[in-house]
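These are the residues of each chain, in order.
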Amino acid sequence: MSILVIADHDNNKLTPSTLNVVAAATAIGGDIDILISGENCGTVAEAAATVAGVNKVLVADNPVYGHSLAENLSELVAEVGKGYSHILASAGTTGKDFMPRVAALLDVAQVSDIMRVESEDTFVRPIYAGNAIATVKANDSIKVITVRPTGFDPVAAEGGSAAVEALDIVKDAGLSEFINEELAKSDRPDLSGADIVVSGGRGMQNGENFRMLEAVADQLGAAMGASRAAVDAGFVPNDMQVGQTGKIVAPQLYIAVGISGAIQHLAGMGDSKVIAAINKDEDAPIFQVADYGLVADLFEAVPQLEEELKKVL
Amino acid sequence: MKVLVAVKRVIDYNVKVRVKPDNTGVDLANVKMAMNPFCEIAVEEAVRLKEKGVAAEIVVVTIGPKASQEQIRTALALGADRGIHIETDAEVQSLEAAKLLKSVVEKEQPRLVILGKQSIDSDNNQTGQMLAALTGMGQGTFASEVVVEGDKVTVTREIDGGLMTVGLKLPAVITTDLRLNEPRYASLPNIMKAKKKPVENMSPADLGVEVTSRLTTLKVETPASRKAGIKVADVAELVDKLKNEAKVI
Ligand SMILES: Cc1cc2nc3c(=O)[nH]c(=O)nc-3n(C[C@H](O)[C@H](O)[C@H](O)COP(=O)(O)OP(=O)(O)OC[C@H]3O[C@@H](n4cnc5c(N)ncnc54)[C@H](O)[C@@H]3O)c2cc1C
Ligand SMILES: Nc1ncnc2c1ncn2[C@@H]1O[C@H](COP(=O)(O)O)[C@@H](O)[C@H]1O
């Protein structure tokens, strides 16, 4: 078996979730190659070459791949990937965008968002917002798979010494162009990989009030998250949404503040090691999954939390 | 221009899903079904394009059992002009759905095809991208804003890092995200009017597509459930527990 992992990166750094995807590839077993496509992405290729267990790093460095436009990237991946038994990418928004296109070009099904590998052709994945867990067997000769990073412990970023090979394949589908990007800038850890996440919901009432949570997050070195309701109301940007249709997180500690705990929200954070919740409604569903629940008005509890944390940290 | 919208019948998002005791799937007997929420957003976007004078005709298509007519009627009540029902009782996976939609696209020649980003039952998030590949169109996935100008569409997309805007040549495929719009409710007069709008019925065979299962579901299980923990009395106790019991801070 031979597995092609498509790296997720920003042309400078390898996104940490790539290490989880390599872990999924390792669980399948076989030779693992990593494909880096991008523009001036040499440092990413160097980083990928040291990832544990990687056989070869293939690099397609060209302006047409600079923004990972699905139309171009999928043609590249389909051409390179047709020689492999499995093609894997992280189930982030980039992977979700181009991978089904790859599958269609190869005329094979895609298995989305796997959280476990049972065998080379059988995978476990959540359906119905994680309220059911399906074991599926992929019957096509090439398996196109997106991987839920939180399902796999990352492999080591160091220790490998893969050969790096440049690819001279330029695919410009001519269907799409990049116009611009508004990326959230934050000194806090990335939500998807953070050890602690502090999330706010509709109970926060407005964006200004999220500053209270930010203060707590900074004390804890935590990432910030939110419910859909908080994003829809414009309190915070969309990249903070945790849930079935947002980001999937599984930190050591998830603190939910003013979040009721709808199934769609639980789908994104239910695998956290420890969940703490602050909500003024003692019947809020979030308390059914919280290890530690505090029934309180958040506008009193959050400032107190900041004070208490000062004492112990 | 003509806009094609694909809508899917799924379990209502408020329903608590139960896995069948024999682990073959989820129990859908006597369960409330509805239009997939992302498809409602797709219909709404098409209707807004029509209200702006950008779209001239909205065709809505669904693939599914007889009862999926209800979702077509809902879309017609919301403002779509006519429906296409590809009727089948078979389980239709994303690649086959995309192939069926491709043949509808070839027949109807829409300038824009709008789908939901994800079905809330399979959670696949595949069909729009696959359809775009099969028809050789560009794709604007996870859209939070769509602007049609001349022979181009500009799509703002919700991505992990924030927002990304792309320009696509028409015809193009768009998949909707939650913030694209807030769908309206159908008014009673429009529900009545929808009953008279034309719906064409066909089978996958009529479109020359064989519905095969490339993925076999071996079993479906209930996830390991989390137990409710304890209620703490105050913030001091919460911090104490997190630090000394759970040891996570
Ligand atoms: C297709 C679809 C996809 C979805 N995807 C997602 C998703 O990915 N992520 C997601 O989060 N949701 C998602 N949702 C929405 C989900 O169903 C809920 O509507 C949403 O999670 C509710 O957010 P919330 O808990 O912040 O708001 P609410 O449910 O309104 O809860 C607010 C909570 O705050 C508490 N509160 C209010 N004031 C205070 C106070 N002063 N002190 C303490 N507590 C207070 C209240 O008691 C209440 O429990 C989706 C829905 C659909 C239909
Ligand atoms: N059976 C179907 N009939 C019509 N549209 C569908 C069907 N399956 C998927 N779609 C469309 O594809 C979108 C994404 O579905 P999926 O790839 O299954 O997550 C849905 O929101 C629909 O717009």
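Refer to the structure presented above.
Treat the numbers as computed from the prediction; the structure is a model and nothing was measured.

**Considering the overall build of chain A**
In step 1: Across its full length, chain A carries eight helices and 16 strands.
In step 2: A compact globule built from 313 residues would reach a C-alpha radius of gyration of about 20 Å, and chain A, at 21 Å, matches this within 12%.
In step 3: Taken along the three principal axes of its C-alpha coordinates, chain A extends 60 × 40 × 40 Å.
In step 4: Taken over 313 residues, chain A has a buried fraction of 60%.
In step 5: Put simply, of all contacts in chain A between residues at least 6 apart along the chain, 64% involve residues at least 24 apart.
In step 6: Accessible area of chain A: about 11900 Å², with a carbon and sulfur share of 46%.
In step 7: Separation of charge centres in chain A, based on 21 positive and 43 negative side chains, amounts to 3 Å.

**Looking at the interface of chain A and chain B**
In step 1: Contacts between the two partners involve 87 residues from chain A and, on the opposite side, 78 residues from chain B.
In step 2: Between chain A and chain B the total buried area reaches about 6800 Å² when both faces are included, carbon and sulfur atoms providing 55% of it.
In step 3: Counting the surface chain A buries against chain B, the share from its top three residues, Thr93, Tyr128 and Tyr292 of chain A, is 11%.
In step 4: Seen at the junction of chain A and chain B, the total is seven salt bridges.
In step 5: Here Glu177 of chain A ties to Lys152 of chain B by a salt bridge, and the two come within 3.1 Å at their closest N and O atoms.
In step 6: Its residues assigned to classes, the side of chain A that touches chain B shows 43 nonpolar, 24 polar and 20 charged.
In step 7: The pairing of strand β8 (residues 132–138) of chain A with strand β12 (residues 215–221) of chain B spans six bridges and is antiparallel. Residue Ala134 of chain A lies in a different strand from β12 of chain B, and its bridge partner there is Val220 of chain B.

**Things to note about the environment of Cys41 of chain A**
Residue and element names in this part refer to chain A.
In step 1: Structurally, the position occupied by Cys41 is in the loop between β2 (31–38) and α2 (42–49).
In step 2: On the accessibility criterion, Cys41 (0% relative accessible area) is buried.
In step 3: In contact with Cys41, other than residues within four places in its own chain, are His9, Asn11, Ile36, Val59 and Asp61.

**Here's the deal with the site of ligand 1**
In step 1: Taken together, the neighbourhood of ligand 1 is formed by 29 residues, with Arg202, Ser227, Gln241, Ser260 and Asn279 of chain A sitting nearest.
In step 2: Nearby residues place ligand 1 at the junction of chains A and B.
In step 3: The contact in question runs from an oxygen atom of ligand 1 to an N or O atom on the side chain of Gln241 of chain A, over 2.7 Å.
In step 4: Asn279 of chain A is positioned with one of its side-chain polar atoms (N or O) 2.7 Å from an oxygen atom of ligand 1.
In step 5: When the free accessible area of ligand 1 is taken as 990 Å², the share hidden by the protein chains comes to 86%.
In step 6: Within the residue set of the shell around ligand 1, elements represented by two or more residues are α6 (228–232), α7 (263–269) and α8 (298–312) of chain A together with α1 (37–51) of chain B.

**Comments concerning the site of ligand 2**
All names here are of chain B.
In step 1: Ala6, Ile63, Ser119, Asn125 and Thr127 are the nearest of the 18 residues found near ligand 2.
In step 2: The contact in question runs from a nitrogen atom of ligand 2 to an N or O atom on the backbone of Val7, over 3.4 Å.
In step 3: A distance of 2.9 Å separates a nitrogen atom of ligand 2 from a polar backbone atom of Ile63.
In step 4: Summarising the interface, the protein chains cover 98% of the accessible area of ligand 2, which totals 480 Å² for the free molecule.
In step 5: Only β4 (57–64) and β6 (112–116) provide two or more residues apiece to the shell around ligand 2.
In step 6: Ranked by the residues each element gives to the shell around ligand 2, the list is headed by β4, at three residues.
In step 7: Counted by class, the shell around ligand 2 contains six nonpolar, 11 polar and one charged residues.

**Here's the deal with helix α2 (residues 69–78) of chain B**
In step 1: By the burial criterion, the buried members of α2 of chain B are Gln71, Ile72, Ala75, Leu76, Ala77 and Leu78 of chain B.
In step 2: Within two residues after α2 of chain B, Gly79 of chain B carries a phi angle of roughly 135 degrees, on the positive side.

**Digging into the sheet that holds strand β13 (residues 230–232) of chain B**
In step 1: Taken in spatial order, the six strands line up as β13(A)-β12(A)-β14(A)-β15(A)-β16(A)-β13(B) in an open sheet, and their pairing is parallel. Whereas interior strands pair on both sides, the edge strands pair on one side only; in this sheet they are β13 (223–226) of chain A together with β13 of chain B. Averaged over all pairs of adjacent strands, the angle between strand axes in this sheet comes to 20 degrees, irrespective of strand direction.
In step 2: As paired strands, strand β12 (residues 196–200) of chain A and strand β14 (residues 253–257) of chain A are joined by five bridges and run parallel to one another. Within β14 of chain A, the position partnered with Ile196 of chain A by the bridge is Leu253 of chain A.
In step 3: α8 of chain A contacts β14, β15 (274–279) and β16 (292–295) of chain A of the sheet and is inclined by roughly 130 degrees relative to β15 of chain A.
In step 4: Across the sheet, helix α6 (residues 235–245) of chain B lies against β14, β15 and β16 of chain A together with β13 of chain B, angled at about 170 degrees from β16 of chain A, the strand it touches most.

**Quick look at the pairing of β13 of chain A**
Residues and elements named next belong to chain A.
In step 1: Burial along β13 is two-sided: the residues Ala223 and Gly225 and Met224 and Ala226 are all buried.
In step 2: The pairing of β12 with β13 spans four bridges and is classified as parallel. Residue pairing for β13: Gly200 is matched across the bridge by Ala226.
In step 3: Handedness of the crossover joining β12 and β13 through helix α5 (residues 210–220) is recorded here as right-handed.

**Side note on the nonpolar core**
In step 1: Core analysis: the largest hydrophobic core is formed by 52 residues, its most contacted members being Ile87 and Phe98 of chain A together with Ile86 of chain B.
In step 2: Take this core: its biggest share by element is seven residues, from helix α3 (residues 94–108) of chain B.
In step 3: The contact partners of Ile87 of chain A, leaving out residues within four places of it in the chain, are Leu4, Ile6, Val77, Gly81, Met99, Val102, Leu106, Ile142, Lys143, Val144 and Ile145 of chain A.
In step 4: Among the nonpolar cores identified, the runner-up in size contains 48 residues, and Val21, Ile36, Ile145 and Val155 of chain A belong to it.

**Remarks on the environment of Ser122 of chain B**
In step 1: By the secondary structure assignment, Ser122 of chain B is in the loop between β6 and α4 (127–135).
In step 2: C-alpha separation for the pair Ser122 of chain B and Gln93 of chain B, spaced 29 residues apart in sequence, amounts to 9.0 Å.
In step 3: Setting aside residues up to four positions removed in sequence, Ser122 of chain B forms contacts with Arg125, Pro126 and Ile127 of chain A together with Lys8 of chain B.

**A closer look at the packing of aromatic side chains**
In step 1: Following the criterion strictly, the structure yields one aromatic pair over all chains and no others.
In step 2: When the centroid spacing of 6.4 Å and the interplanar angle of 55 degrees are considered together, the rings of Phe210 of chain A and Phe235 of chain A count as tilted. Highlighted residues: Phe210 of chain A in helix α5 and Phe235 of chain A in the loop between α6 and β14, separated in sequence by 25 residues. Like Phe210 of chain A, the residue Phe235 of chain A is buried in the burial classification.
In step 3: Looking at Lys117 of chain B, its charged tip hangs above the ring of Phe142 of chain B, at a distance of 5.8 Å from the centre.
In step 4: A cation sits over an aromatic face here: Lys231 of chain B above Phe287 of chain A, 4.7 Å from the ring centre.

Reading the values: rules and limits
- Residues numbered from 1 in each chain as written.
- Chains lettered and ligands numbered in written order.
- Predicted model: local features only at pLDDT ≥ 70, side-chain atom pairs only at ≥ 80, totals over all residues.
- Heavy atoms only, no water.
- Helix = DSSP H or I, 4+ residues; strand = E, 2+ residues; numbered from the N terminus.
- Rg over C-alpha atoms; globule rule 2.2 N^0.38 Å.
- Buried < 20%, exposed > 50% of the residue type's maximum accessible area, 1.4 Å probe, protein only.
- Contact = heavy atoms within 4.5 Å.
- Areas by Shrake-Rupley, 256 points an atom, 1.4 Å probe, with all protein chains shown as cover.
- Lys, Arg positive; Asp, Glu negative; His and termini not counted.
- Charge placed at Lys NZ, Arg CZ, Asp CG, Glu CD.
- Buried area = accessible area lost by both parts, 1.4 Å probe.
- Salt bridge = Lys/Arg side-chain N within 4 Å of Asp/Glu carboxyl O.
- Nonpolar A, V, L, I, M, F, W, Y, C, P; charged D, E, K, R; others polar.
- Pairing = 2+ DSSP bridges.
- Near = heavy atom within 4 Å.
- Polar contact = N/O pair within 3.5 Å; in protein donor to acceptor, adjacent residues only side chain to side chain.
- Axes fitted to C-alpha atoms, helices over the stretch in contact; angles between N-to-C directions.
- Right-handed = clockwise from strand over helix to strand, strands pointing away.
- Core = buried A, V, L, I, M, F, W, Y, C linked by side-chain atoms within 4.5 Å.
- Phe/Tyr/Trp six-rings, centres within 6.5 Å; stacked < 30°, edge-to-face > 60°.
- Lys NZ or Arg CZ within 6 Å of the ring centre and 35° of its normal.

These figures come from the coordinates and say nothing about function on their own.
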